[in-house]
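Structural overview for review
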Amino acid sequence: MEIKLEMLTKVFDNKEKGLTTAVDKLDITIPSGKLIGLLGPSGCGKSTTLYMIAGLLKPTEGKIYFGDENVTDIPPEDRGIGLVFQNYALYPHMTVAQNIMFPLENLKVPKAEAIERAQEMADLVGIGELMDRKPKQLSGGQQQRVAIARALVKKPRVLLLDEPLSNLDARLRLATREEIKRIQRETGITTVFVTHDQEEAMSISDEIVLMELGIKQQVGEPQDVYDKPDNLFVAKFLGTPPINLFDGHIKDGKIMIGDANIGQLKTDDKEVIVGIRPEGFSLTERSSLKVEVDLVETIGRDTTLIIENPTRKGETFRAIVDAEKRIKPGDKIKLNVKPTKLFVFEKDTGELVN
Ligand SMILES: Nc1ncnc2c1ncn2[C@@H]1O[C@H](COP(=O)(O)OP(=O)(O)O)[C@@H](O)[C@H]1O
Ligand SMILES: [Mg+2]
């Protein structure tokens, strides 16, 4: 089921703070059968967007379509959605089976069929053996699977997940996110997955929608957005360790950091912000970017060099290089910059300079 958001806007009226535009003219099309990661920092409007898709919040302006159907004024229970929250929201006094079957009670599904469908969903999410347990007898990851099974048992048209992994420890988070990806593939259900964790969104999503201050920043396949950020916000938000930033300038079509020429760009002479991914450096004798190494961290096959930022006092930058090159703190080295890992942004707006 394709989901289309048209100029979707939500303005909250807080008594003390006045008006907050939580979501601002959001235009996105979520393709049928895909898993979309709705990504951005805390407070950027992700949950508000999700709850408008769910029907729990009424948009101030704009429209929501499921396929050709305008669902903007349809109540949540008639939209055919499954919703999963961060805190699982299971009924503690009910067994796993009763929790999963609960949505079917309102639909007056016969008992025998409900039991069968609950078992089917429990098997799908890998908790088929735990039907008689109570939620508190389960791990966080298992509880979240119960919540997913409960969301899927009505055979919804759309699955909506709001930071479903945030309450899990690191190991369970990884395992459960792979599980969600598998369940989504097997069911083919159109899924919107909200997270503030860029790595989580990048690893799980067919496409990501990156938001900031209620405004869509960029949409695309995770690797494409990482490789071709439209602006400084996007470049900074994606990637660990994060992109390195330098105050640079353009002179006669050359990208300059101080007096080092690190690349070419045909544009007017001006001051710019230069972004270089940590993996965008290589060691070479021919380069003009000369630096002294502060610290060296070697983990497995990678060595990370930590180096004083020549343009920003008190800041450092990171260069990931081959571990075979045995570099020590205090070494003077020359760095070359790979053109595909180098981005130039307008100093005032942060827009990419092409
Ligand atoms: N019910 C509400 N009343 C007033 N302001 C709200 C309400 N819900 C969210 N907001 C505000 O809207 C903005 C977006 O919130 P939210 O959608 O929860 O962000 P996110 O899920 O990305 O962290 C924030 O500034 C938040 O304070
Ligand atoms: Mg939220």
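The preceding data block contains the structure.
Attention in this report is confined to the structure presented alongside it. Residue numbering note: each chain is counted from 1, following its sequence as written. All chains are assigned letters beginning at A, and all ligands numbers beginning at 1, according to the order in which they are written. Only residues with pLDDT of at least 70 are given local features in this predicted model, and only at 80 or more are side-chain atom pairs given and counted; all residues enter the totals for whole chains, interfaces and linings.

1. Looking at the site of ligand 1
Here, nearness means that the C-beta atom of a residue, built from backbone geometry, sits within 6 Å of the molecule or strand in question. The full set of residues close to ligand 1 is Phe12, Asn14, Thr20, Ala22, Gly40, Ser42, Gly43, Cys44, Gly45, Lys46, Ser47 and Thr48. Listing elements by their share of the shell around ligand 1, those giving two or more residues are strand E1 (3–14), strand E2 (18–30) and helix H1 (46–54). In this text, helices come from DSSP runs of H or I with a minimum length of four residues, and strands from runs of E with a minimum of two, each type numbered from the N-terminal end. Here the shell around ligand 1 takes 3 residues from H1, the largest share from any one element.

2. Considering the environment of leucine 210
Relative to the helices and strands, leucine 210 resides in strand E9 (residues 207–212). As for leucine 210 and isoleucine 127, which are separated by 83 residues in sequence, their C-alpha atoms are 33 Å apart. Throughout, a pair of residues is in contact if the C-beta atoms placed from their backbones lie within 7 Å. Aside from chain neighbours lying at most four places away, what touches leucine 210 is Leu39, Gly40, Gln217, Gln218, Val225, Val234 and Phe237.

3. Quick look at the sheet that holds strand E6 (residues 81–84)
By this definition, two strands are paired if DSSP reports at least two bridges between them. Pairing is mixed across the open sheet formed by 6 strands, whose spatial order is E6-E7-E8-E3-E9-E10. Looking at which strands have only one partner, the edges of the open sheet turn out to be E6 and strand E10 (215–220). This sheet shows a mean twist of 15 degrees between the axes of neighbouring strands, independent of strand direction. Pairing between E6 and strand E7 (residues 158–162): 4 bridges, direction parallel. Across the sheet, residue glycine 82 finds its bridge partner in E7, namely leucine 159. Where helix H4 (residues 140–152) meets the sheet, it contacts E6 and E7, and its direction lies at approximately 165 degrees from that of E6. For helices, the fitted axis covers only the stretch in contact; all axes are lines through C-alpha atoms, and the angles between them, taken along N-to-C directions, range from 0 to 180 degrees.

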